[in-house]
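The lines below spell out each chain.
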Amino acid sequence: MFDVALPESLATARERLHRALEHAGRPLDDALLLAVSKTKPESAVRQAHQLGQRDFGENYLQEALDKQTALSELDDIVWHFIGPLQSNKTRSVAERFAWVHSVDRLKIAQRLNEQRPATLAPLNVCLQVNISREPSKSGVAPEETLALAREILTLPRLRLRGLMAIPAPAESMAQQQAPFAALRKLRDELQASLPEALLDTLSMGMSDDLEAAVTEGATIVRLGSAIFGAR
Ligand SMILES: *Cc1c(COP(=O)(O)O)cnc(C)c1O
C-alpha cells in the first residue's frame, strides 16, 4: 500500500524542522525527527523508511510489536516507546525498544532495568513531566523530577537521557513556548544537580507546536499527523 501523500508530507516535516532550527540559530542536525506511526499501517513505516526515516515512535504496545515483527528485516529502525506504560507490559518494551520517553515512576523504571536484556545496550529513557500540571494527566510532577532522576541513575541497564512533555494545548506561539521553556529550565536544573548524568535530550514538540518547541531547545520532535496524516 503506497501512500501518495507521504513523500511530500515527510519532506515538508523535515523542512519545517530545518527552518525552525535555522530560525533559532541552531545547527540543522541539532534535533531528531521522530515519526510517530501509531494507528498507521506497517506499510506506512516501510515507506517512510524507504524515504530515509529511521526513528519511529509508537504508543500502543501490541500494535507496535506486530509492526516490529512484520518489519524485522529493517534492522536499522530505531524504535521509541512514547505511550503510557503499565507495569505488566514493561518486558516487551525492555526487549524491543531503544528508547522509552514516558517513564514517570520508579516502579516502571526498576522493571525496565531488570528486564533489559544484557545483550542490548542500556535502554535510553526520558522522564515524562506533567509540565502543565494537568490533573489526572501522565507525568511526574516538576518538583518530584529530581528525586526520580536520582533513583534512575542508580539503575545500570537504563541510560537517563532527559525529559519529555506533552503540554496542554495553547493558541499562540508565546503560550506554546512557556511550558517548553519550563521543561528546558527543569532539565538545566537537573543537569546542574546531577553532573554525572548526560541529560542531552528534550523530547518536546508535536505536529501543532514544533516551532515553539524547537525555539525552546527541543532535541527530539515527535510528529505524527504532520507526516502520516490525520488519525
Ligand atoms: C500521538 C503522539 C504524538 C504525535 O502527535 P501529532 O499531533 O499527531 O504530531 C507525539 N507524542 C505523543 C506522546 C503522542 O502520543
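Residues numbered from 1 in each chain as written. Predicted model: local features only at pLDDT ≥ 70, side-chain atom pairs only at ≥ 80, totals over all residues. Heavy atoms only, no water.

1. Quick word on the overall build of the protein chain
Part 1 of the argument: Summing up its helical and strand segments, the protein chain has nine helices and eight strands in all.
Part 2 of the argument: Rg of the C-alpha trace for the protein chain: 17 Å, near the compact-globule value of 17 Å for 231 residues, within the 12% margin.
Part 3 of the argument: Reported as C-alpha extents along the three principal axes, the dimensions of the protein chain are approximately 50 × 40 × 35 Å.
Part 4 of the argument: Taken over 231 residues, the protein chain has a buried fraction of 52%.
Part 5 of the argument: Considering only contacts within the protein chain whose residues lie at least 6 apart along the sequence, 59% involve residues at least 24 apart.
Part 6 of the argument: Carbon and sulfur atoms make up 52% of the accessible area of the protein chain, which totals about 10900 Å².
Part 7 of the argument: Taking the 27 positively charged and 30 negatively charged side chains of the protein chain as two groups, their mean positions are separated by 4 Å. (Helix = DSSP H or I, 4+ residues; strand = E, 2+ residues; numbered from the N terminus. Rg over C-alpha atoms; globule rule 2.2 N^0.38 Å. Buried < 20%, exposed > 50% of the residue type's maximum accessible area, 1.4 Å probe, protein only. Contact = heavy atoms within 4.5 Å. Areas by Shrake-Rupley, 256 points an atom, 1.4 Å probe, with all protein chains shown as cover. Lys, Arg positive; Asp, Glu negative; His and termini not counted. Charge placed at Lys NZ, Arg CZ, Asp CG, Glu CD.)

2. Let's talk about the packing of helix 6 (residues 145-152) against helix 7 (residues 173-193)
Part 1 of the argument: Contact pair helix 6 / helix 7: the axes reach a minimum separation of 10 Å and the direction vectors enclose 50°. Taken together, the axes of helix 6 and helix 7 lie oblique to each other. Like other packed secondary-structure pairs, helix 6 and helix 7 cross with a definite hand, here right-handed. Side by side, helix 6 and helix 7 meet where T145, L146, A149 and R150 of the first sit next to L186, L190 and S193 of the second. (Axes fitted to C-alpha atoms, helices over the stretch in contact; angles between N-to-C directions. Parallel < 35°, antiparallel > 145°, perpendicular 65-115°, else oblique. Left-handed = near helix turned anticlockwise from the far one by under 90°.)

3. Notes on the site of the ligand
Part 1 of the argument: The ligand sits among 13 residues. The nearest are K38, N59, S207, S225 and R231.
Part 2 of the argument: Separating a nitrogen atom of the ligand from a side-chain N or O atom of R222 is a distance of 2.8 Å.
Part 3 of the argument: Here the ligand has 390 Å² of accessible area as a free molecule, and 91% of this is covered by the chains.
Part 4 of the argument: A class-by-class count of the residues in the shell around the ligand yields six nonpolar, four polar and three charged. (Near = heavy atom within 4 Å. Polar contact = N/O pair within 3.5 Å; in protein donor to acceptor, adjacent residues only side chain to side chain. Nonpolar A, V, L, I, M, F, W, Y, C, P; charged D, E, K, R; others polar.)

4. As for the packing of aromatic side chains
Part 1 of the argument: This structure, assessed with the given rule, holds two aromatic pairs.
Part 2 of the argument: On the basis of an interplanar angle of 45° and a centroid distance of 6.1 Å, the ring pair of F56 and W79 is categorised as tilted. With F56 in strand 2 (residues 55-58) and W79 in strand 3 (residues 78-81), the pair connects residues that are 23 residues apart, well separated along the chain. Accessibility classification places F56 together with W79 in one group, the buried group.
Part 3 of the argument: A centroid spacing of 5.4 Å and a plane angle of 85° characterise the contact between F81 and F97, whose relative ring orientation is edge-to-face. Here F97 lies in the loop between helix 4 (90-96) and strand 4 (99-103) and F81 lies in strand 3, a separation of 16 residues in the sequence. Accessibility classification places F81 together with F97 in one group, the buried group. (Phe/Tyr/Trp six-rings, centres within 6.5 Å; stacked < 30°, edge-to-face > 60°.)

5. Some words on the packing of helix 1 (residues 6-23) against helix 2 (residues 42-50)
Packed helices, taken two at a time, are described by the angle between their axes plus the distance between the axes.
Part 1 of the argument: As a packed pair, helix 1 and helix 2 sit with axes 10 Å apart at the nearest point and diverge in direction by 60°. Considered as vectors, helix 1 and helix 2 are oriented oblique to each other. Handedness of the helix 1/helix 2 crossing: right-handed. Touching L6, P7 and L10 of helix 1 are A44, Q47 and A48, all from helix 2.
Part 2 of the argument: Across the contact of helix 1 with helix 2, the residue classes tally to five nonpolar, one polar and no charged.

6. A word on the UniProt feature "domain: Alanine racemase N-terminal" (unreviewed entry) in the protein chain
Part 1 of the argument: The positions UniProt marks with the feature "domain: Alanine racemase N-terminal" (unreviewed entry) are residues 11-230.
Part 2 of the argument: Overall, residues 11-230 shows 40% helix and 17% strand. The separation of its end C-alpha atoms is 17 Å. (UniProt positions renumbered as here; feature names shortened; annotations may be inferred.)

7. Here's the deal with helix 7
Since the α-helix advances by 3.6 residues per turn, residues separated by three or four positions end up pointing in the same direction.
Part 1 of the argument: Taking 1.5 Å as the rise per residue, helix 7 with 21 residues should run 30 Å; its terminal C-alpha atoms sit 30 Å apart, in good agreement.
Part 2 of the argument: Taken together, the buried positions of helix 7 are occupied by Q176, Q177, P179, F180, L183, L186, R187 and L190.
Part 3 of the argument: Buried residues along helix 7 sit in contact with helix 6, strand 6 (158-164), strand 7 (201-203) and helix 8 (210-215). (Expected span 1.5 Å × (residues − 1).)

8. Notes on the UniProt feature "modified residue: N6-(pyridoxal phosphate)lysine" (unreviewed entry) in the protein chain
Part 1 of the argument: In the numbering adopted here, UniProt assigns the feature "modified residue: N6-(pyridoxal phosphate)lysine" (unreviewed entry) to K38.
Part 2 of the argument: Within the element layout of this structure, K38 appears in the loop between strand 1 (32-36) and helix 2.
Part 3 of the argument: Judged by its relative accessible area of 16%, K38 is buried.
Part 4 of the argument: Look past the residues within four positions of K38 in its chain and what remains in contact with it is G57, E58, N59, Y60, E63, K67 and R231.

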